[in-house]
Amino acid sequence: MSLMKVEGVSLAFGSVQALRDVTLDIAAGEITALVGDNGAGKSTLVRCMAGVHRPDSGRILFDGSPVEFRSAEGARAAGIETVHQNLALVEDLTVWQNLFLNRELVRGPFLDRKAMRARAGEMVAELAVNVPAVTARVRRLSGGQRQAVAICRAAGFDSRLVIMDEPTAALGVQETARVETLIRTLRDDGRAVLLISHDFAQVLRLSDQVWVMRGGRCVGGMRTKDTTGDEIVSLVTGTKGST
Amino acid sequence: MTAHATAAPPAPAFWRDPGQWADRAAAVGLVVLVVIFQIANPTFLSAGNIRSMLVASAILVVLSIGQAFVVATGGIDLSVASTMTFAAVLFGFGFSRGWGVLACCLLALVGGGLVGLACGVLVGRGRITDFVVTLGALSAASGAALVIADGKPVTVIDAGLLALSAGGIGPIGWSVVIAAVLAVGAHVLLFRTRLGTHVLAVGGNPEAATATGISVARIKTVVYTLSGVLAGIAAILLVSRVGAAEPASNTSFLLNSVAAVVLGGVSLAGGRGTITGPVLGALLLTALANGLTLLGVSPFYQPLAVGIVVVAAAFLTRWRR
Ligand SMILES: Nc1ncnc2c1ncn2[C@@H]1O[C@H](COP(=O)(O)OP(=O)(O)O)[C@@H](O)[C@H]1O
Ligand SMILES: [Mg+2]
């Protein structure tokens, strides 16, 4: 069953045509991979889905009905959470403050800090995330721990689609393995995951469906079990075109 | 916490950790100054002198609170002192036309708030650099003050306003009470409300704040408006202390408000800050001026001393984590 459909989406930044007539869909309960070279337009497409950018033309359907998010707040309210490539965490705030950023629990006009700390502890424990303490400042965490916090935030709040833009690009082998486990946990939990990755082995390991972008276009899509690393590479580099 | 929980690295002993000293530069500096001045002149810590230092610090404390919020978002408000002058002149404008003191106070608050709002909208929505916008506001507000006052002071004599500067709760003056209440309120706002968290988030990482749906433009507008309203309150305290509304430049208040915030450990890059720090910073600067005067040092040396203290504090922040 399709959870999100992108239909003919185009977006230009001045003279740079970042997205050209992109059409693809993301199934509920699956890990969908999005691959492509640097500059192919993956992050820009993700930002359209997350309500950061608005497409010049085309439309996005979520759960069968067209959506037009006015801000990241709108997409989050609909159940779309994003782990952005540039790690959207505030280093000087604590883990729990980041987990609840713009989703703070309040009692009257005041923050319910106790409840947020307790709930943050549970969120971290549910995903078996390895962080020193939820009261630690993000500045003191390693790259892998930060990524885990960002994923934890995306997984919380009953999100239905979790988008991850190159979540393991900056991580070591062990940290990558942990994050991959997290991604599987999310799918087994019934959520749809859109995974952007440069690591084709990882894509073949994790995903159910692969979409390939090149030069702002979506140039192909196939079921992961029916494809090979070589086929993906040739689509990414353009030695084989399917459109 | 979890099966994977790793122990946090052991913190170094408090007194050997330069980061701790840097975070508490204002408190440490204040204690050092108090000890030095008390040894040099035992009347420094007399009840009368403490009282007059607190009264003298009230205006700077109020301005520094506003400055702290702006700096916490990664901005800077160069217009605080001029906005205060502008609001004071508005007060005098109303007073000279026979308005009641309450109406004059309201006029000062609204005037200050509007200058702040204008700065906030230009910075937030117009995306013009904080420095440029508030530099423009500095000039515009002091110019407007000169125009409205026609360059002349208005004497303000009113029993109620006199009580503000002369009366108080027991030995503590009303202006000190007002500054203290504002400081406590500001602390609660910064650390116990969503708005405060969003202020720190916008200063720490504007992109991250935006990605969670926080509006950077809205937060910028709020902090500059807050700073403007606080400048309006400072204007009322100033008028009550001087007994007149004058279009004076008050530049030292601007420099000292930034100095108090830096001394108070608020990061000029944004994202980190407290209210206690800048308040202690303002007290330190006032104690410095008072102590030097008590020792008979020429007032010409005061700006020099302030400069040295601020640079020394900025130097300490190199060790912050
Ligand atoms: N905010 C922006 N302003 C201008 N150009 C942009 C912006 N974001 C992305 N681009 C351009 O759009 C193209 C696609 O970028 P991006 O989506 O980041 O690619 P990818 O994530 O696939 O590496 C690039 O040419 C990039 O320079
Ligand atoms: Mg990218």
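Residues numbered from 1 in each chain as written. Chains lettered and ligands numbered in written order. Predicted model: local features only at pLDDT ≥ 70, side-chain atom pairs only at ≥ 80, totals over all residues. Heavy atoms only, no water.

### Some details on the overall build of chain B
Each helix and strand in chain B was counted, giving 14 helices and four strands. A compact globule built from 321 residues should have a C-alpha radius of gyration of about 20 Å, and chain B, at 20 Å, falls within 12% of that. Considered along the principal axes of its C-alpha atoms, chain B spans approximately 70 × 55 × 35 Å. Looking at chain B as a whole, 50% of its 321 residues are labelled buried. Counting contacts in chain B only where the partners sit at least 6 residues apart, residues at least 24 apart contribute 78% of the total. Within the structure as shown, chain B displays about 14,100 Å² of accessible surface, and the carbon and sulfur contribution to it stands at 72%. The averaged location of the 8 negative side-chain charges in chain B is 8 Å from the averaged location of its 16 positive side-chain charges. (Helix = DSSP H or I, 4+ residues; strand = E, 2+ residues; numbered from the N terminus. Rg over C-alpha atoms; globule rule 2.2 N^0.38 Å. Buried < 20%, exposed > 50% of the residue type's maximum accessible area, 1.4 Å probe, protein only. Contact = heavy atoms within 4.5 Å. Areas by Shrake-Rupley, 256 points an atom, 1.4 Å probe, with all protein chains shown as cover. Lys, Arg positive; Asp, Glu negative; His and termini not counted. Charge placed at Lys NZ, Arg CZ, Asp CG, Glu CD.)

### Description of the coordination of the magnesium ion (ligand 2)
Residues and elements named next belong to chain A. Around the magnesium ion (ligand 2), the donor atoms from the protein are Ser43 (OG) and Gln85 (OE1), and they sit 2.1 to 2.3 Å away. Highlighted residues: Ser43 in helix 1 (residues 42–49) and Gln85 in the loop between strand 6 (80–83) and helix 3 (95–99), separated in sequence by 42 residues. Overall, Ser43 belongs to the buried group, its relative accessible area being 15%. (Donors = N, O, S within 2.8 Å, 3.2 Å for Na, K, Ca; no water.)

### Overview of the interface of chain B and chain A
At the interface, 28 residues of chain B touch 34 residues of chain A. Carbon and sulfur atoms make up 58% of the area that chain B and chain A hide from each other, which totals about 2,500 Å². Counting the contacts that link chain B with chain A gives two salt bridges. Arg194 of chain B is the partner of Glu104 of chain A in a salt bridge, and the nearest nitrogen-oxygen pair spans 2.8 Å. Taken together, the links from chain B to chain A amount to eight residue pairs in polar contact (both at pLDDT 80 or more). Broken down by secondary-structure element, the contributors of at least two residues to the side of chain B that touches chain A are helix 8 (174–192), helix 9 (194–204) and helix 10 (206–211) of chain B. With six residues, helix 9 of chain B is the single largest residue contributor to the side of chain B that touches chain A. Here the side of chain B that touches chain A is built from residues that sort into 10 nonpolar, 13 polar and five charged. (Buried area = accessible area lost by both parts, 1.4 Å probe. Salt bridge = Lys/Arg side-chain N within 4 Å of Asp/Glu carboxyl O. Polar contact = N/O pair within 3.5 Å; in protein donor to acceptor, adjacent residues only side chain to side chain. Nonpolar A, V, L, I, M, F, W, Y, C, P; charged D, E, K, R; others polar.)

### Observations regarding the site of ligand 1
Residue and element names in this part refer to chain A. Close contacts around ligand 1 come from Phe13, Val16, Ala18, Asp37, Asn38, Gly39, Ala40, Gly41, Lys42, Ser43 and Thr44, and that covers them all. The separation between an oxygen atom of ligand 1 and a polar main-chain atom of Gly41 is 3.0 Å. Take Lys42: an N or O atom from its main chain is 2.8 Å from an oxygen atom of ligand 1. Sorting the residues of the shell around ligand 1 by element identifies strand 2 (16–27) and helix 1 as the ones contributing at least two each. Per-element accounting of the shell around ligand 1 gives the leading share, three residues, to helix 1. (Near = heavy atom within 4 Å.)

### Details of the confidence of the model for chain B
Residue and element names in this part refer to chain B. When pLDDT is averaged across chain B, the result is 90; 93% of the residues are at 70 or more. In the model, residues 1–9 has pLDDT below 50 throughout and makes 14 contacts with residues more than four positions away in sequence or in other chains. Here the predicted complex carries an ipTM of 0.86, next to a pTM of 0.88. (pLDDT = per-residue confidence, 0-100.)

### Section: the state of the cysteines
As enumerated under the stated definition, the model contains zero disulfides over all chains in all. Here Cys218 of chain A stays free of any disulfide, with the sulfur of Cys48 of chain A as its closest cysteine sulfur at 14 Å. Of the residues examined, Cys218 of chain A reaches a relative accessible area of 15% and is grouped as buried. Of all cysteine sulfurs in the structure, the one in Cys105 of chain B sits closest to Cys104 of chain B, which takes part in no disulfide; the separation is 7.0 Å. By relative accessible area, which is 0% here, Cys104 of chain B ends up buried. (Disulfide = S-S within 2.5 Å.)

### Quick notes on empty space enclosed by the protein
Summed over the entire model, instances satisfying the criterion amount to two cavities of 30 Å³ or more. In this structure, the largest cavity spans a volume of roughly 100 Å³. Ala50, Ala72, Ala75, Arg76, Ile80, Glu81, Thr82, His84, Ala88 and Arg153 of chain A together with Ala211 and Thr212 of chain B are the residues that line the largest cavity. Secondary structure elements with two or more residues in the lining of the largest cavity: helix 2 (72–78) and strand 6 of chain A. Here the lining of the largest cavity is built from residues that sort into six nonpolar, three polar and three charged. Here the second largest cavity defines a volume of roughly 50 Å³. Listed by contribution, the elements that provide at least two residues to the lining of the second largest cavity are helix 3 (47–72) and helix 11 (216–242) of chain B. Grouping the constituent residues of the lining of the second largest cavity by class yields four nonpolar, three polar and one charged. (1 Å grid on protein atoms, 1.4 Å probe; cavity = no way out; pocket = protein on both sides within 12 Å on 5 of 7 lines; lining within 4 Å. Points joined across faces, edges and corners; volume = space filled by probe spheres on them.)

### Overview of the pairing of strand 10 (residues 192–196) of chain A
Residue and element names in this part refer to chain A. With five of its five residues buried, strand 10 lies for the most part within the structure. The alternating pattern of strand 10 places Ala192, Leu194 and Ile196 on one face and Val193 and Leu195 on the opposite face, and all of these are buried. Pairing analysis gives four bridges linking strand 3 (residues 31–36) to strand 10, with the strands arranged parallel. Across the sheet, Ile31 pairs through a bridge with Val193, a residue of strand 10. In this sheet, strand 10 lies alongside strand 9 (residues 161–165) in parallel orientation, the contact comprising five bridges. (Pairing = 2+ DSSP bridges.)

### Considerations on the sheet that holds strand 3 of chain A
The pairing of strands in a sheet happens through backbone hydrogen bonds and is either parallel or antiparallel. Residue and element names in this part refer to chain A. Spatially, 6-9-10-3-11-12 is the arrangement adopted by the six strands of the open sheet, whose pairing is mixed. Of all strands in the sheet, those with a lone pairing partner are strand 6 and strand 12 (217–223), marking the two edges. Between one strand and the next, the sheet's axes are offset by a mean angle of 15°, whatever the strand orientation. Sheet contacts for helix 5 (residues 143–155): strand 6 and strand 9; angle to strand 6, the most-contacted strand, approximately 175°. Contacts from helix 6 (residues 173–188) reach strand 3, strand 9 and strand 10 within the one sheet, and its direction differs from that of strand 10 by about 150°. (Axes fitted to C-alpha atoms, helices over the stretch in contact; angles between N-to-C directions.)

### Focus on the nonpolar core
Among the nonpolar cores identified, the biggest contains 89 residues, and Ile65, Met84, Phe91 and Ile275 of chain B are the most heavily contacted of them. It is helix 3 of chain B that contributes the most residues to this core, 13 residues altogether. Once you skip the residues sitting within four places of it in the chain, Phe91 of chain B turns out to touch Val101, Cys104, Cys105, Ala108, Val156, Leu161, Ile236 and Val239 of chain B. Judged by nonpolar contacts, the second largest core, of 35 residues, contains Val134, Val138, Leu171 and Leu186 of chain A. (Core = buried A, V, L, I, M, F, W, Y, C linked by side-chain atoms within 4.5 Å.)

### Some thoughts on the side chain of Asn290 of chain B
The topology assignment puts Asn290 of chain B in helix 13 (residues 276–294). With sequence-adjacent residues up to four places away left out, Asn290 of chain B is seen in contact with Phe44, Asn49, Ser52 and Met53 of chain B.

### Looking at the packing of aromatic side chains
Residue and element names in this part refer to chain B. One pass over the full model with this rule turns up one aromatic pair over all chains. Ring geometry for Phe37 against Phe44: centres 5.2 Å apart, planes inclined by 45°, an arrangement best described as tilted. Of the residues examined, Phe37 reaches a relative accessible area of 5% and is grouped as buried. Sitting above the plane of the Phe93 ring, Arg97 keeps its charged end 3.9 Å from the centroid. (Phe/Tyr/Trp six-rings, centres within 6.5 Å; stacked < 30°, edge-to-face > 60°. Lys NZ or Arg CZ within 6 Å of the ring centre and 35° of its normal.)

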